[in-house]
Amino acid sequence: MLKTSIQFEKIISECRDLFSKKLQDYGAAWRVLRPSSITDQIYIKVNRIRTLQMTDVKMVNESEESEFIAVVNYSIIGLIQLEKGFSNDFNENKDEILHLYDQYAHEAKALMERKNHDYGEAWRDMRISSITDLIYQKVLRTKQIEDNQGVTIVSEGLDANYFDMLNYAVFCLIKFSEKENNVEHQII
(Lines give C-alpha, C1' and ligand atoms only; values in the text may rest on other atoms or scores of the structure.)
Protein backbone atom coordinates (compact mmCIF):
# COMPACT_ATOMS: atom_id res chain seq x y z
CA MET A 1 0.00 0.00 0.00
CA LEU A 2 3.06 2.22 0.24
CA LYS A 3 3.20 2.06 -3.55
CA THR A 4 -0.34 3.45 -3.74
CA SER A 5 0.50 6.29 -1.34
CA ILE A 6 3.51 7.26 -3.45
CA GLN A 7 1.46 7.07 -6.67
CA PHE A 8 -1.30 9.13 -5.05
CA GLU A 9 1.19 11.85 -4.11
CA LYS A 10 2.58 11.93 -7.66
CA ILE A 11 -0.88 12.24 -9.22
CA ILE A 12 -1.98 14.92 -6.74
CA SER A 13 1.23 16.83 -7.44
CA GLU A 14 0.42 16.85 -11.17
CA CYS A 15 -3.18 17.93 -10.49
CA ARG A 16 -2.02 20.65 -8.10
CA ASP A 17 0.50 21.94 -10.62
CA LEU A 18 -2.26 22.46 -13.20
CA PHE A 19 -4.56 23.95 -10.54
CA SER A 20 -1.83 26.36 -9.47
CA LYS A 21 -1.14 27.46 -13.05
CA LYS A 22 -4.84 28.05 -13.70
CA LEU A 23 -5.06 29.93 -10.40
CA GLN A 24 -2.27 32.16 -11.73
CA ASP A 25 -4.00 32.61 -15.11
CA TYR A 26 -7.60 33.14 -13.94
CA GLY A 27 -7.39 33.79 -10.24
CA ALA A 28 -9.99 31.96 -8.18
CA ALA A 29 -12.80 32.72 -10.65
CA TRP A 30 -14.46 29.46 -9.55
CA ARG A 31 -15.21 31.12 -6.18
CA VAL A 32 -18.38 32.54 -7.76
CA LEU A 33 -19.73 29.01 -8.35
CA ARG A 34 -22.29 27.58 -6.00
CA PRO A 35 -21.62 23.95 -4.96
CA SER A 36 -24.35 22.70 -7.32
CA SER A 37 -22.53 24.36 -10.24
CA ILE A 38 -19.31 22.61 -9.25
CA THR A 39 -21.14 19.30 -9.11
CA ASP A 40 -22.48 20.00 -12.60
CA GLN A 41 -18.92 20.71 -13.80
CA ILE A 42 -17.87 17.30 -12.49
CA TYR A 43 -20.96 15.82 -14.16
CA ILE A 44 -19.88 17.31 -17.50
CA LYS A 45 -16.37 15.89 -17.14
CA VAL A 46 -17.39 12.38 -16.09
CA ASN A 47 -20.15 12.27 -18.69
CA ARG A 48 -17.55 13.09 -21.37
CA ILE A 49 -15.25 10.36 -20.03
CA ARG A 50 -18.09 7.85 -20.26
CA THR A 51 -18.86 8.99 -23.81
CA LEU A 52 -15.20 8.56 -24.79
CA GLN A 53 -15.16 5.10 -23.25
CA MET A 54 -18.27 4.03 -25.16
CA THR A 55 -17.49 5.49 -28.61
CA ASP A 56 -14.60 5.41 -31.02
CA VAL A 57 -15.02 8.98 -32.22
CA LYS A 58 -13.43 11.86 -30.33
CA MET A 59 -14.27 15.34 -31.65
CA VAL A 60 -12.31 17.38 -29.06
CA ASN A 61 -8.61 16.73 -28.55
CA GLU A 62 -8.68 16.23 -24.78
CA SER A 63 -7.86 12.93 -23.16
CA GLU A 64 -9.67 10.93 -20.51
CA GLU A 65 -6.70 11.65 -18.27
CA SER A 66 -7.17 15.42 -18.54
CA GLU A 67 -10.84 14.98 -17.63
CA PHE A 68 -9.94 12.87 -14.58
CA ILE A 69 -7.52 15.62 -13.51
CA ALA A 70 -10.43 18.04 -13.80
CA VAL A 71 -12.55 15.75 -11.60
CA VAL A 72 -9.81 15.79 -8.96
CA ASN A 73 -9.48 19.57 -9.07
CA TYR A 74 -13.21 20.29 -9.17
CA SER A 75 -13.73 17.91 -6.24
CA ILE A 76 -11.21 19.90 -4.21
CA ILE A 77 -12.86 23.13 -5.36
CA GLY A 78 -16.17 21.69 -4.17
CA LEU A 79 -14.70 20.95 -0.76
CA ILE A 80 -13.27 24.46 -0.53
CA GLN A 81 -16.63 25.95 -1.49
CA LEU A 82 -18.42 23.85 1.13
CA GLU A 83 -16.05 25.29 3.74
CA LYS A 84 -15.91 28.90 2.56
CA GLY A 85 -19.19 29.32 0.72
CA PHE A 86 -19.31 30.92 -2.71
CA SER A 87 -18.25 34.52 -3.18
CA ASN A 88 -18.75 37.28 -5.71
CA ASP A 89 -15.13 38.30 -5.10
CA PHE A 90 -12.62 35.93 -6.59
CA ASN A 91 -9.49 37.92 -5.79
CA GLU A 92 -8.57 35.43 -3.10
CA ASN A 93 -5.17 35.02 -1.53
CA LYS A 94 -3.49 32.44 -3.76
CA ASP A 95 -1.40 31.07 -0.88
CA GLU A 96 -4.54 30.50 1.19
CA ILE A 97 -6.25 28.76 -1.72
CA LEU A 98 -3.23 26.49 -2.29
CA HIS A 99 -3.11 25.79 1.45
CA LEU A 100 -6.75 24.66 1.32
CA TYR A 101 -6.00 22.59 -1.78
CA ASP A 102 -3.19 20.84 0.09
CA GLN A 103 -5.35 20.37 3.19
CA TYR A 104 -8.12 18.63 1.25
CA ALA A 105 -5.68 16.59 -0.82
CA HIS A 106 -4.10 15.42 2.45
CA GLU A 107 -7.52 14.55 3.92
CA ALA A 108 -8.41 12.66 0.72
CA LYS A 109 -5.18 10.69 0.90
CA ALA A 110 -5.77 9.78 4.56
CA LEU A 111 -9.30 8.62 3.70
CA MET A 112 -7.99 6.67 0.71
CA GLU A 113 -5.39 4.92 2.87
CA ARG A 114 -8.00 3.89 5.46
CA LYS A 115 -10.42 2.62 2.82
CA ASN A 116 -7.63 1.05 0.80
CA HIS A 117 -6.63 -0.94 3.87
CA ASP A 118 -10.17 -2.12 4.59
CA TYR A 119 -11.01 -2.94 0.95
CA GLY A 120 -7.64 -4.53 0.16
CA GLU A 121 -6.95 -2.28 -2.84
CA ALA A 122 -9.88 -3.84 -4.71
CA TRP A 123 -9.81 -0.90 -7.16
CA ARG A 124 -6.61 -2.32 -8.67
CA ASP A 125 -8.64 -5.23 -10.08
CA MET A 126 -11.37 -2.98 -11.44
CA ARG A 127 -11.70 -1.59 -14.92
CA ILE A 128 -11.28 2.16 -15.44
CA SER A 129 -14.77 2.16 -16.96
CA SER A 130 -16.23 0.67 -13.75
CA ILE A 131 -14.50 3.27 -11.60
CA THR A 132 -15.79 5.93 -13.99
CA ASP A 133 -19.31 4.60 -13.43
CA LEU A 134 -18.78 4.87 -9.67
CA ILE A 135 -17.79 8.52 -10.08
CA TYR A 136 -20.87 9.06 -12.25
CA GLN A 137 -23.04 7.46 -9.56
CA LYS A 138 -21.47 9.70 -6.88
CA VAL A 139 -22.19 12.77 -9.02
CA LEU A 140 -25.83 11.77 -9.39
CA ARG A 141 -26.07 11.13 -5.64
CA THR A 142 -24.51 14.52 -4.94
CA LYS A 143 -26.98 16.23 -7.27
CA GLN A 144 -29.84 14.52 -5.42
CA ILE A 145 -28.50 15.60 -2.02
CA GLU A 146 -28.15 19.16 -3.33
CA ASP A 147 -31.72 19.03 -4.66
CA ASN A 148 -32.73 17.99 -1.11
CA GLN A 149 -30.97 21.12 0.27
CA GLY A 150 -28.17 18.96 1.67
CA VAL A 151 -30.48 16.96 3.92
CA THR A 152 -29.89 13.22 4.14
CA ILE A 153 -31.54 10.61 6.35
CA VAL A 154 -28.88 7.89 6.46
CA SER A 155 -26.42 8.82 3.71
CA GLU A 156 -23.10 10.59 3.86
CA GLY A 157 -23.08 14.28 2.99
CA LEU A 158 -21.75 16.29 0.10
CA ASP A 159 -18.18 16.34 1.38
CA ALA A 160 -17.96 12.53 1.50
CA ASN A 161 -19.10 12.32 -2.10
CA TYR A 162 -16.54 14.90 -3.25
CA PHE A 163 -13.80 12.96 -1.43
CA ASP A 164 -14.88 9.70 -3.08
CA MET A 165 -15.01 11.28 -6.56
CA LEU A 166 -11.54 12.72 -5.99
CA ASN A 167 -10.08 9.41 -4.85
CA TYR A 168 -11.74 7.39 -7.62
CA ALA A 169 -10.37 9.84 -10.21
CA VAL A 170 -6.88 9.45 -8.71
CA PHE A 171 -7.24 5.66 -8.97
CA CYS A 172 -8.05 6.02 -12.68
CA LEU A 173 -5.05 8.29 -13.18
CA ILE A 174 -2.82 5.77 -11.39
CA LYS A 175 -4.13 3.03 -13.68
CA PHE A 176 -3.45 5.17 -16.78
CA SER A 177 0.05 5.89 -15.46
CA GLU A 178 0.75 2.21 -14.88
CA LYS A 179 -0.56 1.34 -18.33
CA GLU A 180 1.70 4.00 -19.86
CA ASN A 181 4.70 2.72 -17.89
CA ASN A 182 4.02 -0.85 -19.03
CA VAL A 183 3.95 0.28 -22.67
CA GLU A 184 7.26 2.15 -22.21
CA HIS A 185 8.87 -0.94 -20.66
CA GLN A 186 7.65 -3.13 -23.56
CA ILE A 187 9.14 -0.72 -26.10
CA ILE A 188 12.53 -0.76 -24.39
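Every chain is numbered on its own, with residues counted from 1 as its sequence reads. Two thresholds apply to this predicted model, a pLDDT of at least 70 for residue-level local features and 80 or more for giving and counting side-chain atom pairs, whereas whole-chain, interface and lining totals are computed over all residues. The basis for every side-chain value is the complete set of non-hydrogen atoms in the structure, without hydrogens or water.

1. Some remarks on the pattern of salt bridges
The rule for a salt bridge is simple: a side-chain nitrogen of Lys or Arg has to be within 4 Å of a carboxyl oxygen of Asp or Glu. Within this structure, the stated rule accounts for 17 salt bridges. One salt bridge in this structure joins E178 and K3, with 3.6 Å as the shortest N-O distance. Of this pair, E178 sits in helix α6 (residues 158–187) while K3 sits in helix α1 (residues 2–26), and the two are 175 residues apart along the sequence. Linked by salt bridges that have partners in common, K3, E121, R124 and E178 make up one network. Think of it this way: any DSSP run of H or I at least four residues long counts as a helix, any run of E at least two long counts as a strand, and we number them from the N terminus.

2. Digging into helix α3 (residues 64–84)
Multiply 1.5 Å by the residue count of a helix minus one, and that product is the helix's expected span. Its 21 residues place the ends of α3 30 Å apart at the C-alpha level, agreeing with the 30 Å of an ideal helix rising 1.5 Å per residue. Taking burial as the measure, the 21 residues of α3 include 15 buried ones, the bulk of the element. In the stretch just after α3, G85 is the one whose phi turns positive, near 75°. Burial classification: accessible surface area is computed with a 1.4 Å probe over protein chains only, and a residue below 20% of its type maximum counts as buried, one above 50% as exposed, and the rest as partly exposed.

3. Let's talk about the layout of surface pockets
Here a cavity means grid points, on a 1 Å grid over the protein atoms only, where a 1.4 Å probe fits yet cannot get out; a pocket means an open set of points with protein on both sides within 12 Å along at least five of seven lines; lining residues are those with an atom within 4 Å of a point. Grid points are joined across faces, edges and corners, and a volume is the space filled by probe spheres set on the points. In this model, the largest pocket occupies a volume close to 450 Å³. Taken together, 18 residues make up the lining of the largest pocket; nearest its centre are K22, Y26, A70, Y74 and I77. Mapped by element, the contributors of at least two residues to the lining of the largest pocket are α1 and α3. Among the elements that make up the lining of the largest pocket, the one with the highest residue count is α3 (seven residues).

4. Thoughts on the UniProt feature "domain: Nucleotide modification associated" (unreviewed entry) in the protein chain
UniProt positions are given in the numbering used here, feature names are shortened, and annotations may be inferred rather than shown by experiment. As annotated by UniProt and renumbered to match this structure, "domain: Nucleotide modification associated" (unreviewed entry) occupies residues 22–82 and 115–175. Secondary structure within residues 115–175 divides into 70% helix and 0% strand; the distance between the first and last C-alpha atoms comes to 18 Å.

5. As for unusual backbone geometry
One non-glycine residue, E121, lies in positive phi territory at about 55°. For E121, the location among the structural elements is in the loop between α4 (94–119) and α5 (128–147). Its identity is not glycine, yet Q149 carries a phi of approximately 55°, on the positive side. Among the secondary structure elements, Q149 is positioned in the loop between α5 and α6.

6. Some thoughts on the nonpolar core
By size, the foremost hydrophobic cluster in this structure holds 46 residues, and its most contacted members are F68 and V72. Among the elements of the structure, α1, α2 (35–54), α3, α4, α5 and α6 are those that each provide at least two residues to this core. Element by element, the count of residues in this core is highest for α6, at 11 residues. Whether two residues are in contact is decided by their heavy atoms: any pair within 4.5 Å suffices. Those residues in contact with V72 that lie beyond four places of it in its chain are I12, C15, Y101, L166, A169, V170 and L173. Throughout this description, the term nonpolar core refers to a set of buried Ala, Val, Leu, Ile, Met, Phe, Trp, Tyr and Cys residues connected via side-chain atoms within 4.5 Å.

7. Comments concerning the packing of α3 against α4
Geometrically, a packed helix pair is captured by the angle between its two axes and the distance between the axes. Lines fitted to the C-alpha atoms define the axes, with helices restricted to the stretch that makes contact. Angles between their N-to-C directions range from 0 to 180 degrees. Closest axis-to-axis distance for the α3/α4 pair is 10 Å, and the angle between their directions is 110°. On the basis of their axis angle, the class for α3 and α4 is roughly perpendicular. The segment α3 lies against α4, with V72, N73, I76, L79, I80, E83 and K84 engaging E96, I97, L100, Y101, Q103, Y104 and A105. Classes in brief: Ala, Val, Leu, Ile, Met, Phe, Trp, Tyr, Cys and Pro nonpolar; Asp, Glu, Lys and Arg charged; the others, Gly included, polar. Residues that form the contact of α3 with α4 fall into these classes: nine nonpolar, two polar and three charged. An angle below 35 degrees is read as roughly parallel, one above 145 as roughly antiparallel, one from 65 to 115 as roughly perpendicular, and any other as oblique.

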